[in-house]
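The chain contents come next:
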Amino acid sequence: MEPPGNDVVTVESAEKIILRWDSTASEDAREKMIFAGDRHEIDRYLSAVDEIQRSMESATLSDDQNKANSAIQIAMARLEDEFRNILIAHTTPIEAESLTDTCHEDYDDDSPLTKDLEHQESNSSCSYRSTNSIREIDLMPSDAIYDLRCIAERMILAGYLRECIQVYGSVRKSAVDSSFRRLGIEKLSIGDIQRLEWETLETKIRRWIRAAKLCVRILFASEKKLCEQIFDGLGNAIDDACFMETIKGPAIQLFNFAEAISISRRSPEKLFKILDLHDALSDLLVDIEIVFDSKSSESIRIQAVEILSRLAEAARGILSEFENAVLREPSKVPVPGGTIHPLTRYVMNYISLISDYKQIMSELIVSKPSIGSRYSSDPNTPDMDFTELESQTPLALHLIWIAVILQFNLEGKSKCYRDTSLAHLFMMNNVHYIVQKIKGSPELREMVGDDCLRKLTGKFRQAATNYQRSTWVNVLHCLRDEGLHVKGSFSSGVSKSALRERFKTFNAMFEEVHRTQSTWLIPDTQLREELRISVSEKLIPAYRSFLGRFRSHIESGRHPENYIKYSGEDIENAVLDFFEGYQVSQHIRRRSE
């Protein structure tokens, strides 16, 4: 170790210099700091310490050794104070400035520290090195680093390594803690985190993701660089020891939040934030391995990897539990008017969101749904042959399976309707909604595939056909000729009594259908119009034809208005009332009043 200056200091003068700066014996020494003063005085003191160090190695008399030991102890106490003072003097909050550098990653945060760090980064183009996305900022000026290194070198040589590390760690950890507070990273235990309401946690997760990027890529990386600048080469892994002394507690505090989320109670609404966390931590993993690359920081690397694994397992578990929840969802109260069930909306919106996370979910979901031949005799579970879908990814199979079990559940709910026609309308509405949601999401449509989509389309069209059959077959049966003709020379060939009864039956049946089905609802405008047209194409021509053939027989008798109550236009207009979701009887009432 070479003296910092050109002055040659004898042992005697060295002892005097050290004693003059003994803060326990001199008020002047207590009030002043050596390294805050003249450079020449700094170098003289360091040279004095060096000389005492050398004298200890060559001292042969016990008196000389005692004097040297006493001097070095005084010097070390002084240097420890100086070391702390320099650290504190140069540990200042980063000034908040407007962000001007747009070439780096946008952390999407408006917290003061985010802006501070990014501003310092943008104004330190020559003072940080970039490794992947790591950006190391110079936390202290070079002259302060030089002084700290000079002090550390002498403390370590004198056997004061532990004291040096402790002082460094306590000051720098306070700086990191201050940064944590400004980033909104709270000191919460895993239990505290798990007791928070999910709505509160969602906000904290978003904040954590932004903060974690800043902490790993800038704060922790810059602290590591500062340790290297001060301690590298002064001993075996001393720089790493100081680094861990500084950031081990804050790092554990940071990662404990993600760990708490990874082991918290699973529920469907948590999936997407868990995926966000997994994605962020996965993206950070390379940087974590770079920043925490030593043996002593292995526990932090392991913790990050384990959290990532638990987040993945949580995501898989939530998906599995969601499937079971969809299959077993127990509500049996029919939705009014056969409209879209809340379960259908929820499930389809949910799997649409899953498709938005296709990339990450495809990495996590590697096995197909846990169903198979063991379900073949289970009446509470639908049959599904996955051999037809061998080319599909595991994630796609899960989404298809969810659509299948949703339909299965809806079929059970449809049985709660007393009116068979309404049950068919309910299934038509809900399966049509499933189809539209799949078509509306390119990612979801790609995963589900055209074959599955065609089958779903066929199902809602079959439900529409079943509705028409159950509703209109009996109505149209009234408009048949059979049973109206009679034989005899005095007869016109038509039984007027049978004809009157036929008109009365048709009127009653149509009015009842109109009364009930105007309260039924088809939310999709195009589907509603298509079904009305289909009904009209069967009903209107049949009614007009029947009316044309038999009107004269009724009008030639008494009170024809009691039997021919509606024109073809009336029936046509009345069909427009169907499936609006509320009682609309204008067209029928106008003719019957």
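None of these values were measured; they are calculated from a predicted model.

Calculation criteria
Residues numbered from 1 in each chain as written. Predicted model: local features only at pLDDT ≥ 70, side-chain atom pairs only at ≥ 80, totals over all residues. Heavy atoms only, no water. Helix = DSSP H or I, 4+ residues; strand = E, 2+ residues; numbered from the N terminus. Buried < 20%, exposed > 50% of the residue type's maximum accessible area, 1.4 Å probe, protein only. Contact = heavy atoms within 4.5 Å. Expected span 1.5 Å × (residues − 1). Bend = angle between axes of the 7 residues up to and from the residue. Core = buried A, V, L, I, M, F, W, Y, C linked by side-chain atoms within 4.5 Å. Polar contact = N/O pair within 3.5 Å; in protein donor to acceptor, adjacent residues only side chain to side chain. Salt bridge = Lys/Arg side-chain N within 4 Å of Asp/Glu carboxyl O. Axes fitted to C-alpha atoms, helices over the stretch in contact; angles between N-to-C directions. Parallel < 35°, antiparallel > 145°, perpendicular 65-115°, else oblique. Left-handed = near helix turned anticlockwise from the far one by under 90°. Phe/Tyr/Trp six-rings, centres within 6.5 Å; stacked < 30°, edge-to-face > 60°. Lys NZ or Arg CZ within 6 Å of the ring centre and 35° of its normal. pLDDT = per-residue confidence, 0-100. Disulfide = S-S within 2.5 Å.

**Side note on the overall build of the chain**
- For the chain, the helix and strand inventory stands at 22 helices and 2 strands.
- Evaluated residue by residue, the chain yields a buried proportion of 50% over its 593 residues.
- Expressed as a percentage of contacts within the chain between residues at least 6 apart in sequence, the contacts between residues at least 24 apart total 79%.

**A closer look at helix H11 (residues 271–291)**
- The end-to-end C-alpha distance of H11, which contains 21 residues, comes to 29 Å, matching closely the 30 Å that a straight helix rising 1.5 Å per residue would cover.
- At Leu285, H11 is deflected by roughly 40 degrees, the largest bend along its length.

**Concerning the nonpolar core**
- By size, the foremost hydrophobic cluster in this structure holds 179 residues, and its most contacted members are Phe83, Trp208, Phe220, Phe231 and Ile354.
- Leave out the neighbours within four places in its chain, and Phe83 touches Leu148, Ile151, Ala152, Cys164, Val167, Tyr168 and Phe231.

**Considering the side chain of Ser355**
- Considering the arrangement of structural elements, one finds Ser355 in helix H13 (residues 342–356).
- On the basis of relative accessible area, Ser355 is assigned to the buried category, the value being 0%.
- In terms of polar contacts, Ser355 uses its side chain to reach the side chain of Ser441, at 3.3 Å.

**Quick notes on the environment of Asn85**
- Note that Asn85 resides in helix H4 (residues 62–89).
- By relative accessible area, which is 31% here, Asn85 ends up partly exposed.
- Remark: the alpha-carbon pair of Asn85 and Met33, spanning 52 residues in sequence, is separated by 8.1 Å.

**A look at the pattern of salt bridges**
- This structure, assessed with the given rule, holds 36 salt bridges.
- Among the ionic pairs, Glu80 bridges to Arg84, the shortest N-O distance being 3.4 Å. Placement of both Glu80 and Arg84 in helix H4 is noted, with a separation of 4 residues, approximately one turn of the helix.
- Since its relative accessible area comes to 28%, Arg84 is described here as partly exposed.

**Observations concerning the packing of helix H15 (residues 394–414) against helix H16 (residues 420–439)**
- Two numbers describe how H15 lies on H16: the axes approach to 9 Å, and their chain directions differ by 160 degrees. As far as their axial angle goes, H16 and H15 are roughly antiparallel. Considering the relative orientation of H15 and H16, their crossing is right-handed. Facing H15, whose interface residues are Leu406, Gln407, Leu410, Glu411, Lys413 and Ser414, H16 presents Ala423, Phe426, Met427, Asn430, Val431 and Ile434.

**With respect to the environment of Asp524**
- With respect to the secondary-structure elements, Asp524 resides in the loop between helix H19 (496–517) and helix H20 (525–555).
- Among the polar contacts made by the side chain of Asp524, one reaches the main-chain amide nitrogen of Leu527 at a distance of 2.8 Å.

**A word on the packing of aromatic side chains**
- Tallied over the entire structure, the rule returns 21 aromatic pairs.
- On the basis of an interplanar angle of 15 degrees and a centroid distance of 5.7 Å, the ring pair of Trp472 and Phe578 is categorised as stacked. Separated by 106 residues along the polypeptide, Trp472 in helix H18 (residues 450–477) and Phe578 in the loop between helix H21 (568–575) and helix H22 (586–592) bring together distant segments of the chain.
- Grouped by ring-pair contacts, the aromatic residues Tyr467, Trp472, Phe506, Phe510, Tyr543, Phe578 and Phe579 constitute a single cluster.
- Its guanidinium or amino end placed over the ring of Tyr563, Arg500 lies 6.0 Å from that ring's centre, counting from NZ or CZ.

**Looking at the confidence of the model for the chain**
- Here the chain averages 85 in pLDDT, and 86% of its residues register 70 or above.
- Taking the mean pLDDT of every element in the chain, the minimum, 45, falls on strand E1 (residues 130–131) and the maximum, 97, on H16.
- Within the model, pLDDT remains below 50 along residues 115–131, and this stretch shows 44 contacts once partners closer than five positions in the same chain are excluded.
- Contacts of residues 589–593 to residues separated by more than four positions or lying in other chains number 7 contacts, the stretch itself having pLDDT below 50.

**A short note on unusual backbone geometry**
- Of note, the phi angle at Ala237 is positive, near 60 degrees, even though the residue is not glycine.
- Within the secondary structure, Ala237 is located in the loop between helix H9 (198–231) and helix H10 (238–262).
- On the accessibility criterion, Ala237 (41% relative accessible area) is partly exposed.
- Positive phi values are uncommon outside glycine, yet Phe579 reaches one of about 65 degrees.
- Note on placement: Phe579 falls in the loop between H21 and H22.

**Here's the deal with H10**
- Between the first and last C-alpha of H10 there are 34 Å, a value that for 25 residues agrees with the 36 Å anticipated at 1.5 Å per step.
- Along H10, the sharpest change in direction is near 45 degrees and occurs at Ile247; proline Pro250 comes one to four residues later.
- A large share of H10 lies buried, amounting to 19 of its 25 residues.

**Describing the packing of H10 against helix H12 (residues 298–328)**
- Running from N to C, H10 and H12 cross one another at 10 degrees; their axes reach a closest spacing of 10 Å. In this view, H10 runs roughly parallel relative to H12, as classed from their interaxial angle. Contacts between H10 and H12 involve Met244, Ile247, Lys248, Ala251, Ile252, Phe255, Asn256, Ala258, Glu259 and Ser262 from the first element and Ser299, Ile300, Gln303, Ile307, Arg310, Leu311 and Ala314 from the second.

**Focus: the state of the cysteines**
- Scanning the model with the defined rule gives 0 disulfides in all.
- Distance from the sulfur of Cys242, which forms no disulfide, to the nearest cysteine sulfur (Cys227) is 5.6 Å.

**Describing the environment of Trp520**
- Tracing the chain through its elements places Trp520 in the loop between H19 and H20.
- Residue Trp520 is classed as buried on the basis of its relative accessible area of 5%.
- With residues up to four places along the chain from it excluded, the contact list for Trp520 reads Gly337, Asp419, Ser421, Leu422, Leu425, Tyr467, Phe579, Glu580 and Gly581.
- A polar contact is formed between the side chain of Trp520 and the backbone oxygen of Thr516, at a distance of 3.4 Å.

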